Every structure is written in C-alpha cells, then in structure tokens.
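What follows is the residue order along each chain.
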Amino acid sequence: MQPLPLYATVGILSRPRRPSLAEVVPQLLHWLLERGVTPLIDGETAHSLQRREAGKTRHQIAEEADLLIVLGRDGTLLAAAREAATRGIPILPINLGGLGFLTSFTLDELYPALEDTLFGKATLDERVLLKVERTHNGNTLTEQRVLNDAVVHKGTLARMIELELHIDGGFVCRYRADGLIVATPTGSTAYSMSAGGPIVHPSVESILITPSVPIP
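Fair warning: this is a prediction, and the values are worked out from it, not measured in the lab. (Residues numbered from 1 in each chain as written. Predicted model: local features only at pLDDT ≥ 70, side-chain atom pairs only at ≥ 80, totals over all residues. Heavy atoms only, no water.)

Here we look at the sheet that holds strand β1 (residues 9–14)
So, step 1. The strand order across the open sheet built from five strands is β2-β1-β3-β4-β5, with neighbouring strands paired in parallel fashion. Where the open sheet ends on each side, the last strands, each with one partner, are β2 (38–41) and β5 (105–106).
So, step 2. Direction of pairing for strand β3 (residues 67–72) relative to strand β4 (residues 91–95): parallel, over a ladder of five bridges. Counterpart to G72 in the pairing with β4 is N95. (Pairing = 2+ DSSP bridges. Helix = DSSP H or I, 4+ residues; strand = E, 2+ residues; numbered from the N terminus.)

Okay, structure coming up:
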C-alpha cells in the first residue's frame, strides 16, 4: 500500500508563454491526481491548457497550497518565493530550459524529485529572506519579502546619491554611490556580484551590503 503524500494540495506556477507547458502540465496533473494530491494551477498554466477559468492568482495558490512546483527559470522562482514567504511553504523548482542558478532540477528529473518530495525522501534547503519596507514620515508605503536582493538607487536621474547605513539603530558608514545593494546569500551571485560583492554559500546566515559604483 502506497503511503499518503505529505502534501495534500500542490500549486503549479509557470513561466509565461512557454510552449512546452501544454505538453508538460497535463501529464503532471494526471500524475498528482493518481496519488491523491489536489493540483492548483495559476493563470499562465491555465492559459497554456486553454482552461482560463481554472486558473488562480499566484497569491491565491500560495494561500491554499502545501507545496509549490515552479515550472520556468529563476525569475519565476523569485516571484513564487515572494508569495510563499509568509506561509513558509516549500518550493520545488523545475527548469524548463535556459540558464537558471536556482531552478536546480531539469524536466527529466521532475517526477523522481516530486516523488521524493511528496513522500518525505527529499531534503529541504532553507534560504535567508529579506523583509523590505519602504517608509515615509514613519508610514510604511510598501512591504515585500525577497529571496535575492533589495536595491536603493538613484532612479531615473543621472546623478550620484549619498546614503547612510545603520544596523540595529547604530551608524555604520556613509556611501557616495549610484546605489546600495542589500543581498541574501542566494542573491550574492546576482546584482551584488556584478557590483563587486562576494559570492556566499546559500547556507550561510548573513546579509551582504554592496555599494554600486561607489566613490572612495
């Protein structure tokens, strides 16, 4: 007798406009249903199946699912991580082709990886997230949780800005630069690295501060 899966409801989030979805998703839905798992699909996935009425928003899926399957590349995963962060639900990333540092499984590895995940044979890899708030006069304007990085920059104006860095209320230093990158270890190989920041292993609990084009 096959054991019950650890996750009763699985959400599927897809990269927009991928022609391969029409081939991959129907088989995946059938595979999940055969194992007693309820699948949820986002609007992009539903569109590829010509079943727009079945699609949910990514936020709705993250609120209802116990596990997320991401079909795409790193950008799709980063968007999924923002939605999943508040509930801390796991994500299984599947690369549908092209460069991807975070989407670690190939399409050929989808079903073995999913089998291991559903039945408790996989190892969860926990990552540091940033909670970013934009405030003005003591009021919070926006709030986000991010897996890669947050950037303070000059916007559309072609000028250098001055910034002060404070940690836990204590002054650290001042920067004159185009901007300041605050990155997680996961994000150390992205914008931070291109600005001269170090590469940090994802398991290290740290936050990176990298100025962009600074003046000494």
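What about the layout of surface pockets?
Unfilled space is identified by rolling a water-sized probe across the atoms.
So, step 1. The space that makes up the largest pocket amounts to roughly 970 Å³.
So, step 2. Looking at the lining of the largest pocket, the elements with two or more residues in it are α4 (74–84), β4 and α5 (110–118).
So, step 3. Within the lining of the largest pocket, the residues separate by chemical class into 24 nonpolar, eight polar and four charged.
So, step 4. By volume, the second largest pocket amounts to about 670 Å³.
So, step 5. As for the second largest pocket, its lining consists of 22 residues, of which K131, V132, E133, A150 and V182 are closest to the centre.
So, step 6. Taken together, the elements giving at least two residues each to the lining of the second largest pocket come down to β6 (130–136), β7 (139–146), β8 (149–153), β9 (161–167) and β11 (179–183).
So, step 7. For the lining of the second largest pocket, the residue count by class is 13 nonpolar, three polar and six charged. (1 Å grid on protein atoms, 1.4 Å probe; cavity = no way out; pocket = protein on both sides within 12 Å on 5 of 7 lines; lining within 4 Å. Points joined across faces, edges and corners; volume = space filled by probe spheres on them. Nonpolar A, V, L, I, M, F, W, Y, C, P; charged D, E, K, R; others polar.)

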